[in-house]
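# What the coordinates show
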Amino acid sequence: MAPSAMRTAAASLSDAQPLSYWLDDPGRPGALPALAGDERCDLLVIGGGYSGLWTALLAKERDPDREVVLIEGHEAGWAASGRNGGFCAASLTHGFSNGLARWPGELATLEELGARNLDAIEAAVARYSLDCDFERSGEIDVATEPYQLADLRETYEAAVRSGATGLELLDRDAVRAEVDSPTFLGGLHDPYGVAMLHPAKLVWGLKRAVTALGVRIYENTRGLELARTATGMAVRTPYGRVFARRVALGTNVFPSLVKRVRPYTVPVYDYALTTEPLTDAQLASVGWRNRQGLGDSANRFHYFRITADQRILWGGYDAIYPYGGRLDASLDHRPETYLTLASHFFRCFPQLEGIRFSHAWGGAIDTCSRFSAFFGTAYDGRVAYAAGYTGLGVGATRFGGEVMLDLLAGERTERTELEMVRTKPLPFPPEPAAWAGIGLTKWSLARADAHAGRRNVWLRTMDRLGLGFDS
């Protein structure tokens with residue numbers, strides 16, 4: 001980084017609060033009391049992020065008389081559900097290309113189910129008056145290097161052959177007419193398949209909705225241990241126990257109470273910035289009238305969007321894996337990554353030089369080797385789990401909740417018959433092999449970005465084995 005660019009980036013961060021912009025909101029609700037004593041219910045949901053809250057909501061919609069309890073180790077939405085970019089995508093497979101590579105025979109079904117899932121989220125936002133700045137404004141994947149134009153065209157043509165409609169390839173002038181950056185060479189526009197929203201407000205709205213439906217929520221209540229009982233399961237908590245006929249695990253990045261599931265995920269720390277609100281003149285210099293979400297097409301990619309109060313959220317690029325997969329609050333902030341992100345921001349939008357960042361934060365994502373969620377049961381079908389969303393869980397977690405409820409009911413449905421649902425990703429190896437393999441993969445991805453996307457032997461081998469590590 002040139003010294004002048006470093007000075008500009010550093011100055012822009014001088015007042016940034018080390019806190020998720022989304023969680024820094026006067027409407028943030030207070031925590032509900034912890035569980036003290038014993039509880040009994042039909043269904044216990046563990047985890048108060050999207051995965052758990054959607055599962056609880058769907059369980060009550062399916063059977064209003066079902067007794068549902070939800071426990072959360074901290075406060076609802078404090079982890080990934082309150083720290084993400086606020087992109088709510090229809091894709092259940094971490095994008096069309098990943099789905100095509102892994103499940104070509106059922107991709108049309110997966111795409112249809114994903115579209116229906118996003119429609120259902122939009123309907124729930126209206127039905128329960130979830131005040132979460134929901135905007136179905138779409139997304140543009142932009143090319144910032146010439147070789148990426150060919151990749152976007154290949155994706156577009158494959159999607160059209162699979163029956164996708166509404167997608168549009170944009171040349172340089174067309175994409176810059178939507179959002180003006182000198183780095184943009186073209187783009188692939190999906191006008192319907194992605195919505196923007198305020199992720200923390202979605203959590204808080206779901207929390208209010210499920211409470212109104214009769215779900216009993218206990219915050220600051222960790223699930224410590226699962227045990228079988230004569231009629232179901234018992235979960236020990238710090239100050240009590242929950243006895244339930246069935247249990248749904250929505251703990252995602254945190255160590256699963258089903259220990260055999262743990263090797264399938266690793267935590268990856270992701271970071272983001274938000275600017276101060278743009279003035280009318282600054283916004284006009286960028287364009288962005290249609291408020292789409294954007295992402296560039298590198299392996300080490302950025303995602304960026306406009307908030308309801310006209311800030312730009314800018315995140316991604318670095319993906320930090322801590323040795324041993326440890327979860328550590330000290331990793332929630334990484335000044336060197338913030339400096340890198342800020343310098344990249346001004347390269348993308350030089351017309352905004354002088355703008356400052358108001359918030360800078362990070363958090364852990366549950367990553368699996370196939371980039372998209374996996375599912376299963378334990379304890380003879382009394383416990384179900386879903387995990388591994390790899391950063392695209394804002395929308396897909398609702399689908400995961402449907403799958404968990406299907407599995408707990410022992411039902412054969414269109415969802416449970418999917419190969420995606422019936423199979424698992426390859427697990428990550430133990431240390432130090434995981435550290436070495438992930439480090440080599442990250443180095444190889446960076447090298448590919450610097451060499452016109454050419455994948456080296458290591459990446460090609462990983463591709464053949466169906467393994468990956470996503471930035």
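Here, every reference points to the structure presented above.
Everything in this summary refers to the structure shown in the same document.

What counts and how
- Residues numbered from 1 in each chain as written.
- Predicted model: local features only at pLDDT ≥ 70, side-chain atom pairs only at ≥ 80, totals over all residues.
- Heavy atoms only, no water.
- Helix = DSSP H or I, 4+ residues; strand = E, 2+ residues; numbered from the N terminus.
- Rg over C-alpha atoms; globule rule 2.2 N^0.38 Å.
- Contact = heavy atoms within 4.5 Å.
- Areas by Shrake-Rupley, 256 points an atom, 1.4 Å probe, with all protein chains shown as cover.
- Lys, Arg positive; Asp, Glu negative; His and termini not counted.
- Charge placed at Lys NZ, Arg CZ, Asp CG, Glu CD.
- Pairing = 2+ DSSP bridges.
- Axes fitted to C-alpha atoms, helices over the stretch in contact; angles between N-to-C directions.
- Buried < 20%, exposed > 50% of the residue type's maximum accessible area, 1.4 Å probe, protein only.
- Right-handed = clockwise from strand over helix to strand, strands pointing away.
- 1 Å grid on protein atoms, 1.4 Å probe; cavity = no way out; pocket = protein on both sides within 12 Å on 5 of 7 lines; lining within 4 Å.
- Points joined across faces, edges and corners; volume = space filled by probe spheres on them.
- Nonpolar A, V, L, I, M, F, W, Y, C, P; charged D, E, K, R; others polar.
- Expected span 1.5 Å × (residues − 1).
- Salt bridge = Lys/Arg side-chain N within 4 Å of Asp/Glu carboxyl O.
- Patch = residues over 30% accessible without salt bridge, like charges linked within 9 Å, V, L, I, M, F, W, Y side chains within 5 Å.

### Considering the overall build of the chain
Scanning the chain from N- to C-terminus turns up 13 helices and 18 strands. Computed over the C-alpha atoms, the radius of gyration of the chain is 22 Å, within 12% of the 23 Å expected from 2.2 N^0.38 for a compact globule of 471 residues. C-alpha atoms of the chain, sized along the principal axes, occupy 65 × 45 × 45 Å. Considering only contacts in the chain between residues 6 or more positions apart, those separated by 24 or more positions represent 76%. Carbon together with sulfur atoms contributes 53% to the accessible area of the chain, which is approximately 19400 Å² in total. Across the chain, the mean location of the 50 positive side-chain charges is 6 Å away from that of the 56 negative side-chain charges.

### Some thoughts on the sheet that holds strand E5 (residues 168-170)
Strand order in the open sheet made by the eight strands is E5-E6-E4-E13-E14-E15-E12-E16, with mixed pairing throughout. Pairing within the sheet leaves two strands with one partner each, and these edge strands are E5 and strand E16 (357-367). Going from strand to strand, the sheet's axes swing by 20° on average, the running direction of each strand aside. Across three bridges, the pairing between E5 and strand E6 (residues 186-190) is antiparallel. Among the inter-strand pairings, Glu168 is bridged to a residue of E6, identified as His189. Docked against the sheet, helix H5 (residues 146-161) engages strand E4 (139-143), E5 and E6, running at close to 140° with respect to E4.

### Let's talk about unusual backbone geometry
A cis amide bond links Glu431 to the next residue, Pro432, at an omega of 5°. On the secondary structure map, Pro432 appears in the loop between helix H11 (419-422) and helix H12 (433-450). The phi dihedral of Ala452 is positive, around 55°, even though this residue is not glycine.

### Digging into the pairing of strand E2 (residues 68-71)
Burial of E2 is two-sided: the residues Val68 and Leu70 facing one way and the residues Val69 and Ile71 facing the other way are all buried. Across four bridges, the pairing between strand E1 (residues 37-46) and E2 is parallel. Looking at E2, one finds that Leu43 is bridged to Val68. A crossover connection joins E1 to the parallel E2 through helix H2 (residues 50-62); in handedness this β-α-β unit is right-handed.

### Thoughts on empty space enclosed by the protein
Inspection of the entire model under this criterion finds two cavities of 30 Å³ or more. By volume, the second largest cavity is sized at about 40 Å³. Ser91, Leu92, His94, Phe371, Ser372, Ala373, Tyr389, Leu392 and Ala396 are the residues that line the second largest cavity. Class assignment for the residues of the lining of the second largest cavity results in six nonpolar, three polar and no charged.

### Considering helix H7 (residues 199-212)
Along its 14 residues, H7 runs 20 Å from first to last C-alpha, staying within 8% of the 20 Å computed at 1.5 Å per residue. Burial of H7 is extensive: ten of the 14 residues sit out of reach of the surface. Pro199, Ala200, Leu202, Val203, Trp204, Gly205, Leu206, Lys207, Ala209 and Val210 are the residues of H7 that are buried. On its buried face, H7 is in contact with H2, strand E8 (216-218) and helix H10 (393-409). Phi turns positive, to about 105°, at Gly214, one or two residues after H7.

### Some points on the side chain of Glu139
As for its placement among the helices and strands, Glu139 is situated in strand E4. The side chain of Glu139 sits in the buried core without any salt bridge; Arg305 is the nearest counter-charge, 10 Å away.

### Here we look at the pattern of salt bridges
Once their charged atoms are close, side chains differing in charge can pair, the charge on each being opposite to the other. The full count for this structure, using the stated rule, is 30 salt bridges. For the salt bridge of Asp380 with Arg228, the shortest nitrogen-to-oxygen distance reads 2.9 Å. Taken as a pair, Asp380 in the loop between strand E17 (374-378) and strand E18 (383-387) and Arg228 in strand E9 (residues 225-228) lie far apart in primary sequence, 152 residues in all. Given the relative accessible area of 70%, Asp380 is considered exposed. Looking at Arg228, the relative accessible area reads 44%, which means it is partly exposed. Three or more residues joined by partner-sharing salt bridges are found here, namely Arg62, Arg398, Glu402, Asp406 and Arg415.

### A few points about a nonpolar patch on the surface
Among the surface-exposed residues, Leu440, Trp443 and Trp458 lie close enough to one another that they form a single nonpolar patch of about 310 Å² accessible area. Looking at the secondary structure, you find Leu440 in helix H12. A residue is classified by how much of its surface remains accessible, and Leu440, at 34% relative accessible area, is partly exposed.

These values are about where atoms sit, not about what they do.
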